[in-house]
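These are the residues of each chain, in order.
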Amino acid sequence: MRKEKVLAIILGGGKGTRLYPLTKDRSKPAVPLAGKYRLVDIPLSNCINSGMKQIYLLTQFNSASLHNHVTSSYNFDQFSNGFVEILSAEQTYSSESWYQGTADAVRKNLKHFRDQKADYYIILSGDQLYRMDFREMLKRHKEAGADLTIAAKPISRAEATGLGIMATDKKGMITKFYEKPAPDLDISEYKVNPDYLESSLNKKADASNEYLASMGIYIFSADVMEKALEGTETDFGKEIIPGLLKTNKLASYLFDDFWEDIGTIKAFYDTNVDLARVQPRFNFYDEEMPIYTHRRFLPASKINFCNISSSLTSEGSIITNAYIVNSIIGIRTIIESGASLDGVYVMGTTHYETEEEKAENARKGIPNMGIGKGSIIKRAIIDMNARIGEGCRIGIDDIPRPDCDTEAYSIHDGIIVINKNQVIPNGTIL
């Protein structure tokens, strides 16, 4: 008897303008997360932990670092029949345009997917933080006899503005779908069915969970998706799903655990800093469903005479006589004596500098990579390979800072981002 096949498709996203400058030189899924991971590690790990090891990753913007990470991190043995294949936007005889939306990206790669003769397609986003066993969602899809199943998160009305909202019957079958309702729009007819919420999650409906939001995670029966993409519609949420509602059976799959769509600098910063709390909302320490990433074979971090609390330190770092709180220290980070960090995500470096390189930089007045002696930093993101000189003061006061983008740094929602590979000279006050 032939085993049913599920093909996973991860959408790499567009330009990632809301995450700029972190997406200046990399795609959204390649943005470093939690000190040692990349955003793309989340959907890839969820697929692997769910036994779904045939995975396509669709990309088009700044994809070099994403390619490097994926190809060096995810190599299945020949007996597993698993693969992670990257498909970049390309010009063909039938199309010369880039991906115009989520549905368009999938449509332009159908020729690759059809070769796998899949029974089901699972569509995922490359910039969300969550842990899900997709086998449970697939089980729901089959038991409901659905053509499309959408993962749904119970949310409040205030959270509904930027998400697709669905109404269901008491069995969780979707009856209506509205993409990103305006804040002042009356969507009370989309309120969650209380019987469905109580029977599925054993919860009463209230103001905190009265609507169901699409998580952008879809399971399609293969023939249904291929037929739905025969037209010219470019987006799943705005066009494909409303169109299918008229002719097909659509089911919801309730998910009530942690889920964060990391779409802005503030969301990215808040999510990362939360991971350093004593009780973070998302737990990386799960041996049953681990998050995988690149094996770097780095030594353990060296901590010399430091005061560190509510923080994460990644492997390969050397931290000396520093005060660090509510912060994340990325791989290979060097923090010199007297530095103080509060609410800072230091992404680390891609390599160690040699003594010869340090001496040459010193002659030119260029600081070493990492955080220099006596520098004090608060509420900031320090991107990869950045050089913070000695005695710098970054974000240490409560003065409102307008949003801006410069060559060396950016400010968004009051969060200072020191750009990748940039130099902040000794004594800088920012």
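Scroll up to find the structure.
Undergrad: Before we go on, may I ask you to explain helix α1 (residues 41-49) in this structure?
TA: Residues separated by three or four positions in an α-helix point in the same direction, a consequence of the helix having 3.6 residues per turn. Among the 9 residues that make up α1, 9 are buried, leaving the element largely enclosed by the rest of the structure. Directly after α1, the chain includes glycine 51, whose backbone phi takes a positive value near 75°.

Undergrad: Just to check I follow, could you spell out the nonpolar core for this structure?
TA: The nonpolar side chains of a soluble globular protein tend to be buried, and buried together. Met132 and Phe284 are the most contacted members of the largest nonpolar core, which has 67 residues in total. Residues Leu58, Ile123, Tyr196 and Leu197 belong to the second largest nonpolar core, which totals 39 residues.

Undergrad: Help me out: how do you make sense of helix α9 (residues 265-275) in this one?
TA: With 9 of 11 residues buried, α9 lies mostly within the body of the structure. What α9 keeps buried is the set Ile265, Ala267, Phe268, Tyr269, Thr271, Asn272, Val273, Asp274 and Leu275.

Undergrad: Could you clarify how one ought to interpret the pairing of strand β27 (residues 409-412) in this entry?
TA: The two faces of the sheet receive side chains in turn, since in a regular strand these alternate between them. Note that strand β26 (residues 404-405) and β27 share 2 bridges and pair antiparallel. By the bridge assignment, cysteine 404 is partnered in β27 with isoleucine 411. Linkage of β26 to β27, two consecutive antiparallel strands, is achieved through a turn of 3 residues. Judged from the 4 bridges that link them, β27 and strand β28 (residues 415-418) form a sheet pairing that is antiparallel. Paired with serine 410 across the strands is valine 417, a residue of β28.

Undergrad: Looking at this structure, I do not really get the side chain of serine 317. What am I missing?
TA: Secondary-structure assignment places serine 317 in the loop between β16 (312-313) and β17 (318-320). With residues up to four places along the chain from it excluded, the contact list for serine 317 reads Ala300, Ser301, Lys302, Ile329, Gly330, Ile331, Arg332 and Thr333.

Undergrad: Teacher, can you tell me more about the packing of aromatic side chains here?
TA: Per the counting criterion, the structure on display carries 12 aromatic pairs. For the ring pair tyrosine 130 and phenylalanine 134, a centre distance of 6.5 Å and an interplane angle of 55° mean the geometry is tilted. Comparing tyrosine 130 with phenylalanine 134, the two get one shared label, buried. With centroids separated by 6.4 Å and ring planes inclined at 75°, the aromatic side chains of tyrosine 218 and phenylalanine 220 adopt a geometry described as edge-to-face. Three or more aromatic residues joined by ring pairs make a cluster, and in this case those are Tyr37, Phe258, Phe282 and Phe284. In this structure, lysine 176 packs its charged tip against the face of tyrosine 190, placed 5.9 Å from the ring centre.

Undergrad: How do you make sense of the environment of alanine 160 when you look at a structure like this?
TA: Along the chain, alanine 160 turns up in the loop between β8 (148-155) and β9 (164-168). By relative accessible area, which is 0% here, alanine 160 ends up buried. Between the C-alpha atom of alanine 160 and that of alanine 182, which follows or precedes it by 22 residues, the distance is 8.5 Å. Filtering out sequence-adjacent residues up to four positions away, alanine 160 remains in contact with Ile155, Ile165, Pro181 and Ile187.

Undergrad: Explain the side chain of serine 125 to me, please; I cannot follow it from the model alone.
TA: Mapped onto the elements, serine 125 comes out in strand β6 (residues 120-125). Contacts of serine 125, omitting those with residues within four sequence positions, involve Ile10, Leu11, Pro43 and Gly216.

Cut-off values and rules
- One numbering rule holds for all chains: residues counted from 1, following each sequence as written.
- Local features are withheld for residues below a pLDDT of 70 in this predicted model, meaning they are given only at 70 or higher, and side-chain atom pairs are given and counted only at 80 or more; totals for whole chains, interfaces and linings count all residues.
- Only heavy atoms go into the side-chain values, all of them from the structure, while hydrogens and water stay out.
- Exposed residues in this analysis have more than 50% of their type's maximum accessible area, buried residues have under 20%, and partly exposed residues fall in between, with area computed by a 1.4 Å probe over protein chains only.
- Numbering goes from the N terminus for both helices and strands, where a helix is a DSSP run of H or I of at least four residues and a strand is a run of E of at least two.
- As used here, the term nonpolar core means buried Ala, Val, Leu, Ile, Met, Phe, Trp, Tyr and Cys residues forming a set that is joined through side-chain atoms within 4.5 Å.
- Note: two strands are recorded as paired if DSSP finds a minimum of 2 bridges between them.
- Any pair of residues with heavy atoms lying within 4.5 Å of one another is described as a contacting pair.
- Here the aromatic set is Phe, Tyr and Trp, taking the six-membered ring for Trp, and pairing holds for ring centres within 6.5 Å; pairs whose planes are under 30 degrees apart are stacked, those over 60 apart are edge-to-face, and all others are tilted.
- Placement of a charge over a ring requires the Lys NZ or Arg CZ to be within 6 Å of the ring centre, with the centre-to-atom vector within 35 degrees of the ring normal.

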